[in-house]
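Summary of the model geometry
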Amino acid sequence: MPGQKRHKALTTGDRARDRRTRRIGTIEDVKDVNGHQELALSYDEQPRDAYLTTPAQNGAQLPRELLERE
């Protein structure tokens, strides 16, 4: 049975996908909050939902577990 591969840590400038919304973007900032990484993701395209708030349209602050490498 093959073991799991360890993924490289995401850093500033890497491409990533938000696992909740499936939107793709670029990581702009990495912060350490209470011992966990929190990454600022800047989305590439505007969403089709006109009712989202402005910060949700432009990007998101997400924990590492909610991002996957693109």
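Here the structure is a predicted model, which means the values were calculated and not measured.

This brings us to the side chain of Asp18. Tracing the sequence through the fold places Asp18 in strand 1 (residues 15–18). Here Asp18 falls in the buried class, since its relative accessible area comes to 0%. Ignoring sequence-local partners within four residues, the contact set of Asp18 consists of Arg23, Leu41, Tyr43, Leu62, Leu66 and Leu67.

On to the environment of Leu66, then. Mapped onto the fold, Leu66 is located in the loop between strand 4 (59–63) and strand 5 (67–69). Residues within four places of Leu66 in sequence aside, it is in contact with Arg17, Asp18, Arg19 and Arg20.

Below, the discussion takes up the confidence of the model for the protein chain. Averaged over all residues, the pLDDT of the protein chain is 83; the fraction at 70 or higher stands at 73%. Mean pLDDT values over the elements of the protein chain span from 63, in helix 1 (residues 54–58), up to 94, in strand 1.

Across three bridges, strand 1 lies against strand 2 (residues 24–33) in antiparallel orientation. When the sheet's bridge partners are listed, Ala16 is paired in strand 2 with Gly25. Counting the residues that bridge the hairpin from strand 1 to strand 2 gives five residues, and of these Arg22 lies at a positive phi of roughly 65°.

What follows covers the sheet that holds strand 4. Pairing is antiparallel in the open sheet, where five strands are placed in the order 4-3-2-1-5. Every other strand in the sheet has two partners, leaving strand 4 and strand 5 as the edge strands with one partner each. Each strand of the sheet is rotated relative to its neighbour by a mean of 45°, with strand direction disregarded. The sheet contact formed by strand 1 and strand 5 spans three bridges and is antiparallel. Paired with Asp18 across the strands is Leu67, a residue of strand 5.

Calculation criteria
- Residues numbered from 1 in each chain as written.
- Predicted model: local features only at pLDDT ≥ 70, side-chain atom pairs only at ≥ 80, totals over all residues.
- Heavy atoms only, no water.
- Helix = DSSP H or I, 4+ residues; strand = E, 2+ residues; numbered from the N terminus.
- Buried < 20%, exposed > 50% of the residue type's maximum accessible area, 1.4 Å probe, protein only.
- Contact = heavy atoms within 4.5 Å.
- pLDDT = per-residue confidence, 0-100.
- Pairing = 2+ DSSP bridges.
- Axes fitted to C-alpha atoms, helices over the stretch in contact; angles between N-to-C directions.

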